[in-house]
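# Results of the structural survey
Residues per chain, in single letters:
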Amino acid sequence: MHIARGKEPSGMITGTENFFADDAFLRWIRFHLDKYQDESAMLVINGDFIDFLRVIFTEIEMLDFDYIEWQKILQKVQINMTIEELKTSFTEDEKIYGFKTDDFKSIWKLEKVFEGHEKVFLALTEWLSSPNKELLILKGNHDLEWHWKKVQMYFSVKLNEIAIQQKKSIIGKISFIQDSVIINKKLYIEHGHRYDKFSNVVGLPTLDGKLSGQLRLPLGSFVNRYVLNRIEIAYPFLDNIRPTSNILAVLLRERFPLAIEILTKRILTLLKFVDKKAFAYVFGQAFTFVGIIMIPVVLTIFLMYKDITYFNLKGDWSNLSFLKNLGTLVLSYIIGQFVGVFNLKEPDDLSQESSNIFRKYPDVEVITMGHTHNPIQIFQENKAFFNSGTWIPIIEQTVGSLKENKTYNYLEISFLEKELFTKDSLKRWNDDALRPESLNLTLKK
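Please read all numbers here as calculations on a predicted model, not as lab measurements.

## Comments concerning the overall build of the protein chain
The helix and strand tally for the protein chain stands at 15 helices and 13 strands. Residue burial in the protein chain is summarised as follows: out of 445 residues, 52% are buried. Within the protein chain, contacts between residues at least 6 apart in sequence are counted, and of these 69% link residues at least 24 apart. Working note: accessible area of the protein chain is about 22,400 Å², and carbon and sulfur atoms make up 55% of it.

This is the structure in structure tokens:
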């Protein structure tokens, strides 16, 4: 779902927000409450529910920060910090790039998500306050903060506060899973980010020494925090482009100066903060290639950019379309070859991992994952693999997929039916018609 801050007090939404289906989600929940009524049902949110990575604050907010409110919020989960401790708890870099992953900072982020997405949490409260309904939340690479028990506790406290206003209770109906879960020995659920080298956490989940109290992040999280967040404030939805390999090409074509800045200044900033273990895990053998070829190429482009800017002080790039097009072609080719040779790309499909899981758990009939945002279903004999897709907008740049097929998707499994799954188990919510529909997927070879 990738829920970030939502609407700010001004009513505006920052470029780092990706979830705009608050009303649709509420209607979807109410439809299924009416469908199941008193039957037992579990809602599973399979990772990346709260996008802690994309919750950032403006410079004005940081100047007028409400430390008293922050202190009161923390006291709800027995975290007692003085105002002075809170004031000195974050660095100047955090004011620019967002808070780090300490539990007390994550709780403040979560509070802002609640404020900006009231209908989402109203929907969850209505679900949980109904008879025989449960909520299961799995951790993904954008909400690694669910590792902290205090963050889990605050989420439950907030939902219960909403329920109390309706004179209902939801205590004991929310569960959190750190890795994967098997339900009734037949359904295996996992987010899937550990099969993506950019998103897999290398080592223990937490840091030690001077960084004690913070989470260990994968390389992809650092890219989001120190590169994409700042870009998407000015150029929203950049990270929603599919295939992801087209992102730089789009920037080169439409925001040439920004693309060059990414290849130089922002990458250097990223290297300053990134976990070196995560960086080495992803790039490994590619270091030699970078040193011999990529650095000279980037340096040459940067020098060209400086020379052009010197003669074009007004920033009018309209007469440089030839250079922009040439740069797009050359850099797209180089980066494409680089990615291809060293396999430096996010996986589009996690189904290849299913065979090992089926062998390990022979009673499992269905495996479902998320992470890639690409809906897929694969049947083999009496077993099935599903990826439930996403509820956020996708900017599809190939003719092989339809955008409507990649949003408002969900997997519905019934243990009461004779067969655990069918070809129509993967569905799409048609919010205009207020009904679920079969999901039309294109078989690509």
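## Some details on helix 6 (residues 103–116)
The end-to-end C-alpha distance of helix 6, which contains 14 residues, comes to 20 Å, matching closely the 20 Å that a straight helix rising 1.5 Å per residue would cover. Of all 14 residues in helix 6, twelve are buried; the element is thus mostly enclosed. The complete set of buried residues in helix 6 reads F104, K105, S106, I107, W108, K109, L110, E111, K112, V113, F114 and G116. Buried residues in helix 6 make contact with helix 1 (22–36), helix 3 (67–75), helix 4 (83–87), helix 5 (92–97), helix 7 (118–128) and helix 8 (149–165).

## Some details on the sheet that holds strand 2 (residues 133–138)
Hydrogen bonds along the backbone pair up the strands of a sheet, which may run parallel or antiparallel. If you trace the three strands from one edge of the open sheet to the other, you get 1-2-3, paired in parallel fashion. The outermost strands of the open sheet, each flanked by one partner alone, are strand 1 (41–46) and strand 3 (174–177). Taken pair by pair, the neighbouring strands of this sheet meet at an average axis angle of 20 degrees, ignoring direction.

## Considerations on the packing of helix 3 against helix 6
The contact between helix 3 and helix 6 brings their axes to 10 Å, and the two run at 105 degrees. The angle between helix 3 and helix 6 places the two elements in the roughly perpendicular class. The segment helix 3 lies against helix 6, with E69, W70, I73 and L74 engaging F104, K105, I107, W108 and E111. Among the residues forming the contact of helix 3 with helix 6, the class breakdown is six nonpolar, no polar and three charged.

## Some words on the packing of helix 6 against helix 8
It is the contact of helix 6 with helix 8, at a shortest axis distance of 9 Å, that shows an interaxial angle of 30 degrees. By the angle between their axes, helix 6 is roughly parallel relative to helix 8. Considering only the axes of helix 6 and helix 8, their crossing is right-handed. Counting all contacts with helix 6, which are made through D103, S106, I107, L110, E111 and F114, the residues of helix 8 involved are K150, V151, Y154, F155, K158, L159 and I162.

## A look at the pattern of salt bridges
If you walk through the whole model with that rule in mind, you get 18 salt bridges. Among the ionic pairs, R194 bridges to E190, the shortest N-O distance being 2.3 Å. Given the relative accessible area of 2%, E190 is considered buried.

## Let's talk about the environment of Q178
For Q178, the position within the fold is in the loop between strand 3 and strand 4 (180–183). A relative accessible area of 32% places Q178 in the partly exposed class. In this structure the C-alpha to C-alpha distance between Q178 and G140, which are 38 residues apart in sequence, comes to 8.4 Å. Polar side-chain contacts of Q178 include one of 2.8 Å to the side chain of K139.

## Quick word on the side chain of D143
Inspection of the secondary structure puts D143 in the loop between strand 2 and helix 8. K139 provides the closest opposite charge to the buried, salt-bridge-free D143, at an N-O distance of 8.0 Å. In terms of polar contacts, D143 uses its side chain to reach the backbone amide nitrogen of D48, at 3.1 Å. Within polar-contact distance, the side chain of D143 engages the backbone nitrogen of F49 at 2.8 Å.

## Quick notes on helix 7
Here helix 7 lies mainly inside the structure; eight of its eleven residues are buried. Check the buried side of helix 7 and you find it contacts helix 1, strand 1, helix 6, strand 2, helix 8 and strand 3.

## Side note on unusual backbone geometry
Even without a glycine there, the phi angle at K185 is positive, about 65 degrees. By secondary structure assignment, the location of K185 is in the loop between strand 4 and strand 5 (187–190). With a relative accessible area of 63%, K185 lands in the exposed category. A positive phi angle, near 55 degrees, is found at L434, a position not held by glycine. Owing to a relative accessible area of 44%, L434 belongs among the partly exposed residues under this scheme.

## A word on the sheet that holds strand 4
Pairing is mixed across the open sheet formed by five strands, whose spatial order is 4-5-7-9-8. For this open sheet the edge positions go to strand 4 and strand 8 (376–380), each flanked by a neighbour on one side alone. Between one strand and the next, the sheet's axes are offset by a mean angle of 15 degrees, whatever the strand orientation. By the bridge criterion, four bridges tie strand 4 to strand 5 in an arrangement that is antiparallel.

Parameters and conventions
Each chain carries its own residue numbering, running from 1 in the direction its sequence is written. Reporting of local features is limited, given that this is a predicted model, to residues whose pLDDT is at least 70; pairs of side-chain atoms are given and counted only at 80 or more, and all residues count toward the totals for whole chains, interfaces and linings. The basis for every side-chain value is the complete set of heavy atoms in the structure, and neither hydrogens nor water enter the calculation. Secondary structure elements are taken from DSSP: a helix is a run of H or I of four residues or more, a strand is a run of E of two residues or more, and numbering for both begins at the N terminus. Burial classes follow relative accessibility: with a 1.4 Å probe on protein chains only, a residue under 20% of its type's maximum area counts as buried, one over 50% as exposed, and anything between as partly exposed. We call two residues contacting when some pair of their heavy atoms lies within 4.5 Å. The method behind every accessible area is Shrake-Rupley, applied with a 1.4 Å probe, and residues are considered shielded solely by the protein chains displayed. For a helix, the expected span equals 1.5 Å multiplied by the number of residues minus one. Paired strands, in this sense, are two strands between which DSSP finds at least two bridges. An axis is simply a line fitted to the C-alpha atoms; with a helix, the fit covers only the stretch in contact. Between two such axes, the angle follows the N-to-C directions and lies from 0 to 180 degrees. The scheme is simple: roughly parallel for angles under 35 degrees, roughly antiparallel for over 145, roughly perpendicular for 65 to 115, oblique for anything else. Each residue receives one of three labels: charged for Asp, Glu, Lys and Arg, nonpolar for Ala, Val, Leu, Ile, Met, Phe, Trp, Tyr, Cys and Pro, and polar for the others, Gly being one of them. Put simply, a crossing is left-handed when the front helix is turned counterclockwise from the back one by less than a right angle, and right-handed when it is turned clockwise. Any Lys or Arg side-chain nitrogen located within 4 Å of an Asp or Glu carboxyl oxygen qualifies as a salt bridge. Counted as a polar contact is a pair of N or O atoms within 3.5 Å, where, for protein atoms, one must be capable of donating a hydrogen and the other of accepting one, and residues adjacent in sequence contribute only when both atoms are in side chains. His is not counted, nor are the chain ends, whereas Lys and Arg count as positive and Asp and Glu as negative.

As far as function goes, none of this settles anything; it's purely spatial.
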